[in-house]
Amino acid sequence: MIKTIFAILISIFIFSSCSSVSVEAGEEAVFIEKPWFFGDGGVEAEPLTQGREWCALTTDGIKFKVIPMTYTETFDDMMTDDNTPVDFSAYLKMRVISGQTPVLASKFGTDWYTNSVQPKFRALVRDHASSYKMFDLTSNREVLSVIEKQIFNQITQLSKDLGLPVEVMSVTIGAATPPDEVLEE
């Protein structure tokens, strides 16, 4: 009887000190070990690419999408070359390279886009778009195409320079519209 109770208590202790991480299609999980007493911690080199894996309670499983994701940046009242404010959105489509999520987690963290890409992307869009007149941004598709290609090349180079394990797929500038006051004039 005592052996049975002891076995049950040991089983409860073992299963309560574990957790599981599972991934779905288009995801990878990276394990970050944080041992309490002994052993080495840090990011495991191999990500979980499918299924479920059990790990210690002190280990975190961080999920990353490895499918193309579109990041939208909205610009309100951005001044053009002729000092006319315009509103528009810019879209950056990127994909995390499968199998490289441990590098992404250890070097750039879970907020890799917000910390490493977003400020530069916003600055590039603002700098390029503000060097054109309102009419060109609202009506000339060729100008927008030139801006998109320039930003695409610069963001691609940025990701290479940083060692960011992502693929830049496209940059799209949405239609620019001036404020209602300007349209009424």
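That block above? That's the structure.
Fair warning: this is a prediction, and the values are worked out from it, not measured in the lab.

Caption draft 1: Up close: the pattern of salt bridges. Summed over the entire model, instances satisfying the criterion amount to six salt bridges. In this structure, Lys65 engages Glu27 in a salt bridge whose closest nitrogen and oxygen atoms are separated by 3.4 Å. In this pair, Lys65 is assigned in strand β5 (residues 60-65) and Glu27 in strand β2 (residues 27-33), connecting sequence segments 38 residues apart. Relative accessible area serves as the criterion here: at 12%, Glu27 is assigned to the buried category. Here Lys133 and Asp81 are joined by a salt bridge, their closest N and O atoms 3.7 Å apart. With Lys133 in the loop between α3 (112-129) and α4 (134-139) and Asp81 in the loop between β6 (69-79) and β7 (85-96), this pair connects stretches of sequence that are 52 residues apart.

Caption draft 2: Layout of the side chain of Ser159. Tracing the backbone shows Ser159 in helix α5 (residues 141-162). Residue class for Ser159 comes out buried when judged on its relative accessible area of 6%. The contact partners of Ser159, leaving out residues within four places of it in the chain, are Leu164, Val166 and Val168.

Caption draft 3: Main features of the nonpolar core. Phe88, Leu92, Met94, Trp112, Phe121 and Ile151 are the most contacted members of the largest nonpolar core, which has 36 residues in total. Listed by contribution, the elements that provide at least two residues to this core are β6, β7, α2 (101-108), α3, α4, α5 and β8 (166-173). In terms of residue count, the dominant contributor to this core is α3 (seven residues). Sequence-distant contacts of Ile151, that is, excluding residues within four places in its chain, are made with Phe121, Leu124, Val125, His128, Val171 and Ile173.

Caption draft 4: Inspection of the sheet that holds β5 at higher detail. What the three strands build is an open sheet, ordered β3-β2-β5; its pairing is antiparallel. One side of each edge strand has no neighbouring strand; the edge strands of this open sheet are β3 (42-43) and β5. Of the pairings in the sheet, the one linking β2 to β3 comprises two bridges and is antiparallel in character. Bridge pairing links Glu33 to Gly42 in β3. Sitting on the sheet, α2 is in contact with β2, β3 and β5, with an inclination near 50° to β2.

Caption draft 5: Seen up close, α5. Compared with the 32 Å implied by 1.5 Å per residue over 22 residues, the 31 Å span of α5 between its first and last C-alpha is a close match. Considering only its buried residues, α5 is in contact with β7, α3, α4 and β8. Sitting at the head of α5, Asn140 places a side-chain oxygen 3.1 Å from the backbone nitrogen of Glu142. Trailing α5 by a residue or two, Gly163 shows a phi angle of about 75°, which is positive.

Conventions and cut-offs
- Residues numbered from 1 in each chain as written.
- Predicted model: local features only at pLDDT ≥ 70, side-chain atom pairs only at ≥ 80, totals over all residues.
- Heavy atoms only, no water.
- Salt bridge = Lys/Arg side-chain N within 4 Å of Asp/Glu carboxyl O.
- Helix = DSSP H or I, 4+ residues; strand = E, 2+ residues; numbered from the N terminus.
- Buried < 20%, exposed > 50% of the residue type's maximum accessible area, 1.4 Å probe, protein only.
- Contact = heavy atoms within 4.5 Å.
- Core = buried A, V, L, I, M, F, W, Y, C linked by side-chain atoms within 4.5 Å.
- Pairing = 2+ DSSP bridges.
- Axes fitted to C-alpha atoms, helices over the stretch in contact; angles between N-to-C directions.
- Expected span 1.5 Å × (residues − 1).
- Polar contact = N/O pair within 3.5 Å; in protein donor to acceptor, adjacent residues only side chain to side chain.

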